[in-house]
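Residue-level structure breakdown
One-letter residues, chain by chain:
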Amino acid sequence: EKEGEEGGTESCRGTKMMCGDARESPTSPLPASVSAPGSTSVAALIADADGGALGERLAAMGLDASRSSSFAAAAARLLAAGVAPETRATAFWVPGRIEVLGKHTDYAGGRSLLCAVNRGFSVVAADRDDAVLRVFASFELTGEADVAEVALAAAPEAASPAGWAVYPAVTARRLARNFGIRGGGDLALSCDLPEASGMSSSSAVVIATFLCLSARNRLSAQLRARLPTAEALCHYLGCVENGQDCGHELPGDAGVGTFGGSEDHTAILLCRRAELRVYAFCPTALEAPLPLHKSHA
């Protein structure tokens, strides 16, 4: 567990964040945001943001302290939607990514040069007692907002919504099928990625939905047993998006309707601040971290 780094998903527990990263080894442990996600309440998260504690923690991890306002806005949107202030909640930072070299090489067993960026999604999710996922999306650069509601239906033929909502819907459906989840949530996303920027906002939404539903349904033990490494998890998330089977025990379905590999998910979950990373795929493996010069870090 390493702190003070951009890149990699991060999990808030009150004002504490934990950053999952890949170490220089053939395989890496599951990120802390997956294996040991923290929890707080919707009201406590807003209080931490307003009091400055969350901003201090973000700054300590190399992120802009002002981003705490995005988390507070996401939590406030949940309150406006009728979520009780004391409701158990989880919060995550999910960055976008840059594909420096190696486009469309991941599913062919090639290599990619990748990095995560300091723009992305501030995510707050509150527990629900039913099998419904509501997603409230806010796009900071355009001022647009939208909402989608999907059921945690395990049937692979279940209809998917159009537009951006297909990504949380497909993720929820796949987790219901593969892991039997039944606990829903109210999920607020605040995004500051430029529109159509090529920074993989779609895969970031898949990951954000996965992280929130995994925490809500306490899947850590199952994930450690069935997807014991960070690389295996990234491969699985690629299969969630493209619809392929992930081995015999984790069957796929239609996915989101496009074909791709796990490059985006690997960059978002495993890249670290102030470095590029060379990953090989099929299987996923870190080949080289490439630290940036301090003038670019």
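Predicted model only: the values in this text are computed from it and were never measured.

Looking now at the overall build of the protein chain. Within the protein chain one finds 9 helices and 10 strands. The proportion of buried residues among the 297 residues of the protein chain is 58%. At a minimum sequence separation of 6, the contacts of the protein chain that also span at least 24 residues come to 70%.

Let's shift gears to the confidence of the model for the protein chain. Of the residues in the protein chain, 90% have a pLDDT of 70 or more, and the chain-wide mean is 89. Here residues 1-6 scores under 50 on pLDDT; set against residues more than four positions off or in separate chains, the count is 28 contacts. In this model residues 13-25 is a low-confidence stretch, pLDDT under 50, and it forms 60 contacts with partners more than four residues away in sequence or in other chains.

Side chains of nonpolar character tend, in soluble globular proteins, to be buried together. Val94, Phe121, Val123, Phe179 and Tyr236 are the most contacted members of the largest nonpolar core, which totals 59 residues. Top contributing element to this core by residue count: helix 6 (residues 201-216), with 10 residues. Judged by nonpolar contacts, the second largest core, of 20 residues, contains Val42, Leu58, Phe71 and Leu78.

With that settled, consider a nonpolar patch on the surface. Together, Ile98, Val100 and Leu101 make up a nonpolar patch on the protein surface, roughly 250 Å² of accessible area in all. Tracing the chain through its elements places Ile98 in strand 4 (residues 88-101).

In terms of burial, strand 6 (residues 132-139) is a largely internal element, 6 of the 8 residues being buried. For strand 6 and strand 7 (residues 144-151), the ladder comprises 8 bridges, and the chain directions are antiparallel. For Phe136, the partnering residue across the bridge sits in strand 7 and is Val147. In sequence, strand 6 turns back onto strand 7 through a hairpin of 4 residues, with Gly143 there showing a positive phi of about 80°.

Helix 9 (residues 263-270) packs onto helix 8 (residues 230-242) with a crossing angle of 135° between their chain directions and a minimal axis gap of 8 Å. As summarised for this structure, helix 8 and helix 9 are arranged oblique, according to the angle between their axes. The two elements helix 8 and helix 9 meet at a crossing, and its hand is right-handed. Residues Ala230, Glu231, Leu233, Cys234, Leu237, Gly238 and Glu241 of helix 8 touch helix 9, and the partners they reach there are His265, Thr266, Leu269 and Leu270. Taken together, the residues of the contact of helix 8 with helix 9 break down into 6 nonpolar, 3 polar and 2 charged.

Conventions adopted
In every chain, residue numbers begin from 1 and rise along the written sequence. Totals for whole chains, interfaces and linings use all residues, but because this is a predicted model, local features are given only for residues with pLDDT of at least 70 and pairs of side-chain atoms are given and counted only at 80 or more. Side-chain measures were taken over the full set of non-hydrogen atoms in the model, leaving aside hydrogen atoms and water. Where helices and strands are cited, they refer to DSSP runs of H or I of at least four residues and of E of at least two residues respectively, numbered from the N terminus. For each residue, the accessible area found with a 1.4 Å probe, counting protein chains only, is set against the maximum for its type, and the residue is called buried under 20%, exposed over 50%, and partly exposed in between. Residue contacts follow a heavy-atom distance rule, with two residues in contact if any of their heavy atoms lie within 4.5 Å. pLDDT is a per-residue confidence score from the predictor, ranging from 0 to 100. Think of a nonpolar core as a cluster: buried Ala, Val, Leu, Ile, Met, Phe, Trp, Tyr and Cys residues, connected wherever their side-chain atoms sit within 4.5 Å. For patch building, the residue pool is restricted to those with more than 30% relative accessible area and no salt bridge; the joining distance is 9 Å between like charges and 5 Å between nonpolar side chains (Val, Leu, Ile, Met, Phe, Trp, Tyr). Residue burial considers only the protein chains on display, and all accessible areas are found by Shrake-Rupley using a 1.4 Å probe. For this document, the term salt bridge refers to a Lys or Arg side-chain nitrogen within 4 Å of an Asp or Glu carboxyl oxygen. The rule for pairing is simple: two strands pair if DSSP sees at least two bridges between them. Here, axes are lines fitted to C-alpha atoms. For helices the fit covers the stretch in contact, and angles between N-to-C directions go from 0 to 180 degrees. Throughout, the term roughly parallel applies to angles under 35 degrees, roughly antiparallel to angles over 145, roughly perpendicular to angles from 65 to 115, and oblique to all others. A clockwise turn of the near helix away from the far one marks a right-handed crossing, whereas an anticlockwise turn of less than a right angle marks a left-handed crossing. Following the grouping adopted for this structure description, the nonpolar residues are Ala, Val, Leu, Ile, Met, Phe, Trp, Tyr, Cys and Pro, the charged ones are Asp, Glu, Lys and Arg, and the polar ones are all others, Gly among them.

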